[in-house]
Amino acid sequence: MKFKIILISLAVLLVFSSVAYAVNVSNKNNTVNELLDLGNKFLIESNYSKAILNFQQVIKIQPMNVKARLGLAKAYLENKDYVAAEDTLLECLEIKPRDPQPYLMLANLYLSTGRPEKAKDILQKGFDRTGNYQIADMLWDLEWDLEVSGYRGNLVKVIEEIGDVVENNETAQYRLDMLGQALQEIEGDIYVNDLLSFRSMAEIFFRSLSDSEITEIELIINTILDHRLRKLFWEIL
């Protein structure tokens, strides 16, 4: 009889423990959701210090919570705390390596802080792990930008040598001067959008050339420019 009473008591204790555990987990989940909502609210309101506090509280309760870390990284980025943002996003990758968002955010962080090669590396790693099309698109665009970014000197040299060819063509000389000025106004490295703008001005310039001048300029372009930039000019010609 005593043994039966002990068994019943243990069963009752287990039931109450299970219920208490379930209630505790439910309360924790409710708290986490409330803190996440508050953190996102403060992000929208540009109250980054309060957003950071709320996301940090979530991580204390649920150390593996990726949503809280992504929110925390966004708040750090808005606060221009790039080191903390980078560390937080790298933690996201350790927890959930197949989530594309941390890779995209890290790439943008590296680009905004002047580290394009690092952005390329993280995008390549992200694509290898996730196969995500947004990562693939960003990686392709960045690779093209990196390929053409060092071509300023070559374009300047082309314009200088073309100047000798069209020195007796006033219209062409004027339009070439405009091309040179547009190139000087591009600050920093030359990227795809700059080249497209440059190309539209080059189209106007080439319309003022004679056949013999075009032939001479073709030789200059073939000698100086990389094949991809040559292709840009050949599409104009």
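Worth saying up front: this structure is predicted, and the values here are computed from it rather than measured.

The rules behind the values
- Residues numbered from 1 in each chain as written.
- Predicted model: local features only at pLDDT ≥ 70, side-chain atom pairs only at ≥ 80, totals over all residues.
- Heavy atoms only, no water.
- Helix = DSSP H or I, 4+ residues; strand = E, 2+ residues; numbered from the N terminus.
- Buried < 20%, exposed > 50% of the residue type's maximum accessible area, 1.4 Å probe, protein only.
- Contact = heavy atoms within 4.5 Å.
- Areas by Shrake-Rupley, 256 points an atom, 1.4 Å probe, with all protein chains shown as cover.
- pLDDT = per-residue confidence, 0-100.
- Core = buried A, V, L, I, M, F, W, Y, C linked by side-chain atoms within 4.5 Å.
- Axes fitted to C-alpha atoms, helices over the stretch in contact; angles between N-to-C directions.
- Parallel < 35°, antiparallel > 145°, perpendicular 65-115°, else oblique.
- Left-handed = near helix turned anticlockwise from the far one by under 90°.
- Nonpolar A, V, L, I, M, F, W, Y, C, P; charged D, E, K, R; others polar.
- Salt bridge = Lys/Arg side-chain N within 4 Å of Asp/Glu carboxyl O.

Draft legend 1. Molecular detail of the overall build of the chain. Along the backbone of the chain there are 12 helices and zero strands. Scanning the chain from its N terminus toward the C terminus, one meets helices and strands in the order α-α-α-α-α-α-α-α-α-α-α-α. Here the chain holds 237 residues, and 37% of them are scored as buried. Relative to all contacts within the chain whose residues are 6 or more apart in sequence, the contacts with residues 24 or more apart total 56%. Looking at the chain as shown, the accessible area adds up to about 14,400 Å², and 54% of this sits on carbon and sulfur atoms.

Draft legend 2. How the structure looks around unusual backbone geometry. At Ser46, a residue that is not glycine, the phi angle is positive and equals roughly 65°. Turning to its location among the elements, Ser46 is positioned in the loop between helix H1 (2-44) and helix H2 (48-61).

Draft legend 3. Up close: the confidence of the model for the chain. Put simply, the chain has an average pLDDT of 81, and 73% of its residues get 70 or more. Every residue in residues 15-27 scores below 50 in pLDDT, and together they form zero contacts with partners more than four places removed in sequence or on other chains.

Draft legend 4. Seen up close, the side chain of Ser208. Mapped onto the elements of the fold, Ser208 is located in the loop between helix H10 (192-206) and helix H11 (211-224). Setting aside residues up to four positions removed in sequence, Ser208 forms contacts with Asn169, Thr171, Ala172, Arg175 and Glu213.

Draft legend 5. Representation of the nonpolar core within the structure. One finds Phe55, Leu89, Ile122 and Leu123 to be the most contacted residues of the largest nonpolar core, which totals 37 residues. Within the residue set of this core, elements represented by two or more residues are H1, H2, helix H3 (66-78), helix H4 (82-95), helix H5 (100-112), helix H6 (116-130) and helix H7 (133-148). Filtering out sequence-adjacent residues up to four positions away, Ile122 remains in contact with Leu93, Tyr103, Leu106, Ala107 and Tyr110. In terms of nonpolar packing, the next biggest core, distinct from the first, is built from 19 residues, Ala172, Leu183, Phe206 and Ile221 among them.

Draft legend 6. Structural view of the packing of H2 against H3. Two elements in contact, H2 and H3, have axes whose closest approach is 9 Å; the angle formed by their N-to-C orientations is 155°. The angle between H2 and H3 falls in the class roughly antiparallel. As H2 packs across H3, the resulting crossing turns out to be left-handed. Taken together, the residues of H3 that come into contact with H2 (itself represented by Tyr48, Ala51, Ile52, Phe55, Gln56, Val58 and Ile59) are Ala68, Arg69, Gly71, Leu72, Ala75, Tyr76 and Glu78. By residue class, the composition of the contact of H2 with H3 is 10 nonpolar, two polar and two charged.

Draft legend 7. Structural context of the pattern of salt bridges. Across all of its chains, the model carries four salt bridges by this definition. Between Glu91 and Arg69 there is a salt bridge; the shortest N-O distance is 2.9 Å. Separated by 22 residues along the polypeptide, Glu91 in helix H4 and Arg69 in helix H3 bring together distant segments of the chain. The class for Glu91 is partly exposed, based on a relative accessible area of 35%.

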